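# Remarks on the overall topology
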Amino acid sequence: MIAEIIFYKSTGIRKFFMVFDKEEYQESIARLSEREKEMKCLYKVQDIINHNYGIDDFLMQICKHIWGGWQYPIITRVKITFENKTYREKGWEESEWMHSADIVVDDKVSGLIQVYYTEARPLISDSPFLPEEQKLLNTIAAKVSGYIFNLKLKRTLAALSEKNKPDQAGSKKINGLL
């Protein structure tokens, strides 16, 4: 296929011709479609972050909404484990086709996000998941980690602020000493 690209400038018209192989063109469109799904997934994660959920609701929302970023969204399921609690939608069984990323809060692994395919799919470098999907999962895990860190930081600051408020007599309570 030959595509003609025409640039109009005040000095005249310039024409460029590009040669496309139909199969290569279709593969490029398919790759771009996958990147679009991944971007939409990241936008959804940011929307969930902006909603300011508590930790439990936040992690459940992530489970419910990130499946669309994967190559086979219909058979994609998500499980999150965080501080000995598990978040997942009901009605599916774990499979051998899984990849994961750690949730790291305060330089400590506090949880894990696991993405499963519930059916077999062709292997790409010994995995049914695209390399870009692992990058996507790592990015989501980093965003989840940052959100949880910020929630915990806010709680800590609120607790410290409450401890340092003056009591009714006007003196400050400092670590229960006054």
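Anything mentioned here points back to the structure above.
An account of the accompanying structure is given in this report.

## A word on the pairing of strand 4 (residues 85-88)
In this sheet, strand 4 lies alongside strand 3 (residues 76-82) in antiparallel orientation, the contact comprising four bridges. Within strand 4, the residue paired with isoleucine 80 across the bridge is tyrosine 87. Counting the residues between successive antiparallel strands, the hairpin from strand 3 to strand 4 contains two residues, one of them, glutamate 83, with a positive phi of roughly 45 degrees.

## Some words on the packing of aromatic side chains
For the structure shown, the criterion picks out four aromatic pairs. Seen from their ring centres, tyrosine 72 and tyrosine 117 are 5.5 Å apart, and the 75 degrees between their planes marks the pair as edge-to-face. Of this pair, tyrosine 72 sits in the loop between helix 2 (55-65) and strand 3 while tyrosine 117 sits in strand 6 (residues 108-117), and the two are 45 residues apart along the sequence. Of the residues examined, tyrosine 72 reaches a relative accessible area of 23% and is grouped as partly exposed. Here a set of aromatic residues connected by ring pairs shows up, and it is made of Tyr72, Tyr117 and Phe129. Over the aromatic face of tryptophan 92 sits the side chain of arginine 88, whose NZ or CZ is 4.0 Å from the ring centroid. The residue whose ring lies beneath arginine 121 is tyrosine 72, and the NZ or CZ to ring-centre distance is 4.9 Å.

## Quick look at the side chain of serine 95
Inspection of the secondary structure puts serine 95 in the loop between strand 4 and strand 5 (98-105). Judged by relative accessible area, which is 18%, serine 95 ranks as buried. At a separation of 3.2 Å, a polar atom in the side chain of serine 95 contacts the main-chain amide nitrogen of tryptophan 97. Ignoring sequence-local partners within four residues, the contact set of serine 95 consists of Tyr116, Tyr117 and Thr118.

## Thoughts on the sheet that holds strand 6
Across the sheet, four strands lie side by side as 4-3-6-5; this open sheet has antiparallel pairing. Each edge of the open sheet is held by one strand with a lone partner, namely strand 4 and strand 5. The average angle at which neighbouring strand axes cross in this sheet is 20 degrees, direction not considered. In this sheet, strand 6 lies alongside strand 3 in antiparallel orientation, the contact comprising seven bridges. Following the sheet pairing, valine 78 is matched in strand 6 by valine 115.

## Some remarks on helix 2
Residues of helix 2 that are buried: Ile55, Phe58, Leu59, Gln61, Ile62 and Cys63. The inward-facing, buried residues of helix 2 abut helix 1 (22-50), strand 3, strand 4 and helix 3 (131-163).

## Some thoughts on the packing of helix 1 against helix 3
In contact at an axis separation of 11 Å, helix 1 and helix 3 are set at 10 degrees when each is read in the N-to-C sense. With respect to their mutual orientation, helix 1 and helix 3 come out roughly parallel. Across the interface between the two elements, Arg35, Glu38, Cys41, Leu42, Val45, Gln46 and Ile49 from helix 1 touch Glu132, Glu133, Leu136, Thr139, Ile140, Lys143 and Tyr147 from helix 3. Tallied by class, residues from the contact of helix 1 with helix 3 come to seven nonpolar, two polar and five charged.

## Things to note about the packing of helix 1 against helix 2
The N-to-C vectors of helix 1 and helix 2 enclose an angle of 160 degrees; their axes lie 10 Å apart at closest approach. By the criterion of interaxial angle, the relationship of helix 1 to helix 2 is roughly antiparallel. Viewed along their axes, helix 1 and helix 2 form a crossing whose handedness is right-handed. Across the interface between the two elements, Lys44, Val45, Ile48 and Ile49 of helix 1 pack against Phe58, Gln61, Ile62 and His65 of helix 2. Among the residues making up the contact of helix 1 with helix 2, the classes are represented as five nonpolar, two polar and one charged.

## Description of a negative patch on the surface
A cluster of like negative charges, contributed by Asp21, Glu23, Glu24 and Glu27, occupies part of the molecular surface. With respect to the helices, strands and loops of the structure, glutamate 23 is situated in helix 1.

The rules behind these values
- In this numbering scheme, every chain counts its residues from 1 along its sequence in written order.
- Confidence filtering applies because this is a predicted model: local features only for residues at pLDDT of at least 70, side-chain atom pairs given and counted only at 80 or more, and all residues used for totals across whole chains, interfaces and linings.
- Side-chain descriptors were evaluated using all non-hydrogen atoms of the structure, hydrogens and water having been removed beforehand.
- Following DSSP output, two strands are said to pair if at least two bridges run between them.
- Labels follow the DSSP assignment, with helices taken as runs of H or I lasting at least four residues and strands as runs of E lasting at least two, numbered in each case from the N terminus.
- Side-chain rings of Phe, Tyr and Trp (the six-membered ring for Trp) are treated as a pair once their centres are within 6.5 Å; stacked means planes under 30 degrees apart, edge-to-face means over 60, and tilted covers the remaining angles.
- Note on classification: 1.4 Å probe, protein chains only; a residue is buried when its accessible area is under 20% of the maximum for its type, exposed when over 50%, partly exposed between these limits.
- Counting as a charge over the ring demands two things of the Lys NZ or Arg CZ atom: a distance within 6 Å of the ring centre and an angle within 35 degrees of the ring normal.
- In the analysis that follows, any N or O atom pair within 3.5 Å is treated as a polar contact, provided that within protein one partner can donate a hydrogen and the other can accept it, and provided that, for residues neighboring in sequence, both atoms belong to side chains.
- Any two residues having at least one pair of non-hydrogen atoms within 4.5 Å are treated as being in contact.
- Note on geometry: axes are lines fitted to C-alpha atoms, helical ones only across the stretch in contact, with angles between N-to-C directions running from 0 to 180 degrees.
- Orientation labels follow simple angle bins: below 35 degrees gives roughly parallel, above 145 gives roughly antiparallel, 65 to 115 gives roughly perpendicular, and whatever is left gives oblique.
- Asp, Glu, Lys and Arg are counted as charged, while Ala, Val, Leu, Ile, Met, Phe, Trp, Tyr, Cys and Pro are counted as nonpolar; the rest, among them Gly, fall into the polar class.
- What makes a crossing left-handed is the near helix being turned counterclockwise from the far one by less than a right angle; a clockwise turn instead makes it right-handed.
- Like-charged residues are merged into a patch within 9 Å and nonpolar side chains (Val, Leu, Ile, Met, Phe, Trp, Tyr) within 5 Å, provided each residue has over 30% relative accessible area and no salt bridge.
- Residue burial considers only the protein chains on display, and all accessible areas are found by Shrake-Rupley using a 1.4 Å probe.
- For salt bridges, the criterion is a side-chain nitrogen of Lys or Arg within 4 Å of an Asp or Glu carboxyl oxygen.
- For the purpose of counting charges, residues Lys and Arg are taken to be positive, whereas Asp and Glu are taken to be negative. His and the chain ends are not included.
- The location of each charge is read from NZ of Lys, CZ of Arg, CG of Asp or CD of Glu.

As far as function goes, none of this settles anything; it's purely spatial.
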